[in-house]
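Residue-level structural notes
The lines below spell out each chain.
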Amino acid sequence: MTEPLLAVDDLRVAFAGDDGRTTLAVDGVGFALQRGRTLGIVGESGCGKSVTSLSIMGLLPKQSARVSGSVMFEGTDLLRAADRTLRDLRGDRLAMIFQEPMTSLNPSYTVGDQIAEAVIRHRGASPREARAHAIEMLRHVRIPSPEQRVDDYPHHLSGGMRQRAMIAMALACDPQLLIADEPTTALDVTIQAQILDLMRRLRAETGTAIILITHDLGVVAELCDDIVVMYAGQVVERAPVAALFAQPQHPYTVGLLGSIPRLDQRRDRLAAIDGTVPNMTAPPPGCRFARRCPFADERCRREAPPPVEVAAGHMSRCWRAPLEHLVQ
Amino acid sequence: MLPFLGRRLLQLIPTLFFVSVIIFGLQQLLPGDPALIMAGEDRDPEVIAQIRAQYRLDQPIPVQYVYWMKGVLSGDLGESMRIKKPVLDLVLEKLPVTAQLAGMAILIALVIGVGAGIVSAVYKDTWLDYGANIFALWGISTPNFWLGILLIFLFSVQLGWLPASGYVRPSEDLRASLASTIMPAFVLGNAIAAVLMRHTRGAMLQVLSSDYVRTARAKGLLERSVVLKHAMRNALTPVITLGALELGTLLSGAVLTEQIFTVPGFGKLIVDAVFNRDYAVVQGVVLVTATAYITLNLLADIAYMLANPRLRS
Ligand SMILES: Nc1ncnc2c1ncn2[C@@H]1O[C@H](COP(=O)(O)OP(=O)(O)OP(=O)(O)O)[C@@H](O)[C@H]1O
Ligand code: SF4
Ligand SMILES: [Mg+2]
């Protein structure tokens, strides 16, 4: 295989709390992404999906977050790069869209201004060129009458339109990698479908590699090539989508998929699994999932399972993997 | 926007009416009879009666009010009993002095207060932040008169750089005018700067952790544009309104500060008038001050609307 576009290795993020205790939000996460491919990241709320993507972008608060590991992007280690280098990459080669379209745009500037800004910053465009480009981008994300919308303030737009504007902004400089952190969670179901459809079409047009963070396994099945399942700050399973749906190799994934995982049936939410996530200020010594795992035994509670490759490109962090003999 | 302005202007009428009634009513409570004061040592009953008749002090208070209001509406604020000059002339003579002082004070407060607020928010929990907070605490807790005396002692008595008192008009000599007003303006602006700094810091901290600032950073903008363009605009709009509330502090502070630096402005005019029971002057000055305060607040509201696209349309 060729050199991946993005390679995350042993990423750890700890937050220093006000009370002096540290929370381990991300603990040894690793994955790689080839150019033009789409990687899905799924997992329950709080498992570290946003923190992982923000550390790739270098957007975590410097005072409280301690980040280690490495994030190689086009030959640069983003975790060790100078702020200048990161700023030059962000919005140009690397872009991100966020979960909250209602608050992610600045209420004081028009959407056109906010898109044009990125073009001026990275392409050295004149304000006039940047504005024309902003209109072009709005058309690109299928916002009707872009010549008018370019002068609208965010409060004039609906949630779906704002998310389109965010996508236009993120794609304005034709990035190699787009991180979409739950881009549709805050939207109505019909709007969700439209935005996903848009992303699919844009991906086909631009060939941008995408990291798609979502709660929706149906979306993963439809859009992604590979999938990373996170639990309590760790990657517990990583595989090509078809393999993961056909043969989940971690009990947590099995739980997420429910009894019969089906590619043609969309689930809006991950299946509920009994029990709660461990406290990450003092994670348990053994497997993080042990308290909720139906297959847990003594060893699971005592020792943390290492990641094992159960098939080519299919990783699971479970003592019992491969699970074939457990799930019928 | 326009209906809003119309409504605000209409609201001015009852507000000013109410203010005028209070001004008029309150000073009736002042002890001492102006006629007695004016009649001098002899207290000749005839002279007193004549003064009472001339200034309508013998009429019931509501009647006096109506006469006064009639004059005010036709641009006549009455006549000073003591100096025998029209109040309007006195006001027009002193207003520019206080306006200059207040303007410079606001400028000083904005530059120091907003500047320190932004710096302390951007460099939160560093010595710059602690320094700015200590400055703010000092500014809020330092009495005007004490700071005034301190400045006079340092810059006039010890260093001899600035005049300790007096006032020069800018039209006469701009440099001398600035020299004569910089200390009182600093004293006035200092307390407001401290309050503005606190507001600005709080608003900036909130805005700096907002989603749209994260978006601005995700675009790769320079930290300068993130702070000065994306964060500051949103942080400063509420500060405009809060700052306008401080204008009251400014106007009341001017009274004391003008006394300390013997600047012949509104403050000095009103203090002299109160001591001499010069009713017409007190009423006139307070009415003009109240109008100025209300107008400045209205301007602040308009500025707030203009800065806020959600309210503009
Ligand atoms: N700035 C921060 N300071 C301290 N703790 C943080 C910070 N940001 C996130 N965390 C903690 O890190 C953990 C992971 O959070 P993260 O936002 O990555 O979860 P997530 O997987 O994105 O969840 P969701 O699906 O709800 O978005 C959480 O326990 C959260 O409380
Ligand atoms: S290691 Fe043990 S507890 Fe953890 S997922 Fe596997 S079987 Fe369950
Ligand atoms: Mg998240």
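Treat the numbers as computed from the prediction; the structure is a model and nothing was measured.

**Here we look at helix α7 (residues 189–206) of chain A**
All names here are of chain A. A rise of 1.5 Å per residue sets the reference length of α7, with its 18 residues, at 26 Å; its end C-alpha atoms lie 26 Å apart and thus fit the reference within 8%. Every buried residue of α7 is accounted for by Q192, I195, L196, L198, M199, L202 and R203. Seen along its axis, α7 keeps its buried residues to an arc of 155°; they face one direction. Turned more than 90 degrees away from the buried face of α7 sit T190 and A204, all of them exposed.

**Considering the sheet that holds strand β6 (residues 94–97) of chain A**
Residues and elements named next belong to chain A. Pairing is mixed in the open sheet, where 8 strands are placed in the order β6-β7-β8-β3-β9-β10-β12-β11. With partners counted over all chains shown, the strands left at the sheet margins are β6 and β11 (308–311), one partner each. Within this sheet the neighbouring strands show an average axis-to-axis angle of 20°, counted without direction. Here strand β7 (residues 177–181) runs beside strand β8 (residues 209–213); their pairing, made up of 5 bridges, is parallel. Bridge pairing in β8 places L177 opposite A209. Sheet strands in contact with helix α1 (residues 49–57) are β3 (38–42), β6, β7, β8 and β9 (226–231), and its direction is about 150° off that of β6.

**Here we look at the packing of aromatic side chains**
Scanning all chains against the criterion turns up 9 aromatic pairs over all chains. Through pairs of rings, three or more aromatic residues link up here, namely F17, F24, Y65 and W68 of chain B. Over the ring of Y109 of chain A we find K229 of chain B, and its NZ or CZ is 5.0 Å from the ring centre. Above the ring of Y109 of chain A, the side-chain terminus of R233 of chain B is found at 5.1 Å from the ring centroid.

**Thoughts on the site of ligand 2**
Surrounding ligand 2, one finds 13 residues, the nearest of these being C287, C293, C300, C318 and W319 of chain A. For the shell around ligand 2, a count of residues per class yields 11 nonpolar, 1 polar and 1 charged.

**Focus on the sheet that holds strand β5 (residues 76–77) of chain A**
All names here are of chain A. In space, the 4 strands of this open sheet follow the order β2-β1-β4-β5, with antiparallel pairing throughout. Lying at the two open borders of the sheet, with one neighbouring strand each, are β2 (22–33) and β5. Two strands pair when backbone bridges link them, and strand β4 (residues 65–73) and β5 are joined in this way by 2 bridges, in the antiparallel orientation. Within β5, the position partnered with M72 by the bridge is D77. Its contacts with the sheet place α1 against β1 (6–16), β2 and β4, and it is angled at close to 110° to β1.

**Quick look at the domain arrangement of chain B**
Residue and element names in this part refer to chain B. When cut into domains, chain B gives domain 1 (2–73) and domain 2 (97–312). A C-alpha centroid distance of 33 Å is found between domain 1 and domain 2. Across the contact, 21 residues belong to domain 1 and 14 residues belong to domain 2. In this assembly, domain 1 packs against domain 2 so that about 1800 Å² is buried in total across both faces, 74% of it on carbon and sulfur atoms. Looking only at domain 1, the three residues that lose the most surface to domain 2 are R8, I23 and Q27, adding up to 28% of its buried area. At the surface where domain 1 touches domain 2, the tally comes to 1 salt bridge. A salt bridge links D301 to R8; its shortest N-O distance comes to 2.1 Å. Linking domain 1 to domain 2 there are 2 residue pairs in polar contact (both at pLDDT 80 or more). For the side of domain 1 that touches domain 2, the secondary-structure elements that each account for two or more residues are α1 (2–28), α2 (34–39) and α4 (61–73). Looking at which element gives the most residues to the side of domain 1 that touches domain 2, the answer is α1, with 13 residues.

What counts, and where the lines are drawn
- Residues numbered from 1 in each chain as written.
- Chains lettered and ligands numbered in written order.
- Predicted model: local features only at pLDDT ≥ 70, side-chain atom pairs only at ≥ 80, totals over all residues.
- Heavy atoms only, no water.
- Helix = DSSP H or I, 4+ residues; strand = E, 2+ residues; numbered from the N terminus.
- Expected span 1.5 Å × (residues − 1).
- Buried < 20%, exposed > 50% of the residue type's maximum accessible area, 1.4 Å probe, protein only.
- Arc of directions from axis to C-beta.
- Pairing = 2+ DSSP bridges.
- Axes fitted to C-alpha atoms, helices over the stretch in contact; angles between N-to-C directions.
- Contact = heavy atoms within 4.5 Å.
- Phe/Tyr/Trp six-rings, centres within 6.5 Å; stacked < 30°, edge-to-face > 60°.
- Lys NZ or Arg CZ within 6 Å of the ring centre and 35° of its normal.
- Near = heavy atom within 4 Å.
- Nonpolar A, V, L, I, M, F, W, Y, C, P; charged D, E, K, R; others polar.
- Domains from an automatic or database assignment.
- Buried area = accessible area lost by both parts, 1.4 Å probe.
- Salt bridge = Lys/Arg side-chain N within 4 Å of Asp/Glu carboxyl O.
- Polar contact = N/O pair within 3.5 Å; in protein donor to acceptor, adjacent residues only side chain to side chain.

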